[in-house]
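# Observations on the three-dimensional arrangement
Below, each chain spelled out in residue letters.
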Amino acid sequence: MLKQLRTTLIFLGIFTVITGILYPLFVTGIAQAIFHRQANGSMIEENGTVRGSELIGQPFTDPRYFWGRLSATTPFPFNAAASSGSNYGPSNPAFLVAVQARIDAL
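No experiment lies behind these values; they were computed from the predicted model shown.

### Some details on the overall build of the chain
Secondary structure assignment for the chain yields three helices and two strands. Taking all contacts inside the chain whose residues are at least 6 apart in sequence as the whole, residues at least 24 apart take part in 12%. Summed over its atoms, the accessible surface of the chain is roughly 9,200 Å², and 65% of this surface lies on carbon and sulfur atoms.

So, in structure tokens, the structure goes:
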């Protein structure tokens, strides 16, 4: 019984090091070497200041662009610091009103 416990703890330690330390470091190293920009969040810089990320929705106001995903963030749309969804389901009256407004606009 004691021998099994010892063997179990040894394997727990080995696999913790492999899957919790070595593998994440290996994958992160490959990502940094091959996909450096994407691995760091695809940041958008403007005049030396980070303004956002290509991975988070951006507002489009020009009619030539496809309508992006709705944003439920405050105090302004597509606020990366407060990213969330509206959680409106298809049976929610507010959702139905928003969908009908888009249909009417199109």
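### Considerations on the packing of aromatic side chains
Applying the stated criterion across every chain, the model contains one aromatic pair. When the centroid spacing of 6.2 Å and the interplanar angle of 20° are considered together, the rings of Phe11 and Phe15 count as stacked. Separated by four residues within a single helix, Phe11 and Phe15 lie in helix H1 (residues 2–34), roughly one turn from each other.

### Examining a nonpolar patch on the surface
There is a patch of nonpolar side chains on the surface, built from Ile10, Phe11, Ile14, Phe15, Val17, Ile18, Ile21, Leu22 and Leu25 and spanning about 820 Å² of accessible area. Among the secondary structure elements, Leu25 is positioned in helix H1.

### Things to note about the pairing of strand S2 (residues 49–53)
In the sheet, strand S1 (residues 43–46) pairs with S2 via four bridges, with the strands oriented antiparallel. The partner of Glu45 across the bridge, within S2, is Val50.

### Considering H1
Its 33 residues give H1 an end-to-end C-alpha distance of 47 Å, which sits within 8% of 48 Å, the value for a rise of 1.5 Å per residue. At Leu22, H1 shows its maximal kink, close to 30°; a proline, Pro24, follows between one and four residues later.

### Overview of helix H3 (residues 93–105)
Along its 13 residues, H3 runs 18 Å from first to last C-alpha, staying within 8% of the 18 Å computed at 1.5 Å per residue. For H3, the N-terminal cap is Asn92; the gap from its side-chain oxygen to the backbone nitrogen of Ala94 is 2.8 Å.

Rules of the game
- Position labels on residues start from 1 in each chain and follow its written sequence.
- Residues qualify for local features only when their pLDDT is at least 70, as the model is predicted, and side-chain atom pairs are given and counted only at 80 or more; totals for whole chains, interfaces and linings, by contrast, use all residues.
- Side-chain metrics rest on all non-hydrogen atoms present in the structure, leaving aside hydrogens and water.
- The numbering of helices and of strands both runs from the N terminus, where a helix is a DSSP run of H or I of at least 4 residues and a strand a run of E of at least 2.
- Residues are treated as being in contact if the distance between any of their heavy atoms lies within 4.5 Å.
- Accessibility throughout is a Shrake-Rupley quantity obtained with a 1.4 Å probe, and a residue counts as covered only by protein chains that appear here.
- Under the pairing criterion, centres of Phe, Tyr and Trp rings, with the six-membered ring standing for Trp, must be within 6.5 Å; the plane angle then separates stacked pairs below 30 degrees from edge-to-face pairs above 60, leaving the rest tilted.
- Only residues whose relative accessible area exceeds 30% and that form no salt bridge are eligible for patches; like-charged ones are grouped when within 9 Å, while nonpolar side chains (Val, Leu, Ile, Met, Phe, Trp, Tyr) are grouped when within 5 Å.
- Should a side-chain nitrogen of Lys or Arg be within 4 Å of a carboxyl oxygen of Asp or Glu, the pair is scored as a salt bridge.
- When DSSP locates at least two bridges between a pair of strands, those strands are taken to pair.
- Multiplying one less than the number of residues by 1.5 Å gives the expected span of a helix.
- The bend reported for a residue corresponds to the angle between axes fitted to the seven residues ending at that residue and the seven starting there.
- We define a polar contact as two N or O atoms separated by no more than 3.5 Å, with the added condition that, inside protein, one atom must be a possible hydrogen donor and the other a possible acceptor, whereas residues neighbouring each other in sequence contribute only through side-chain atom pairs.

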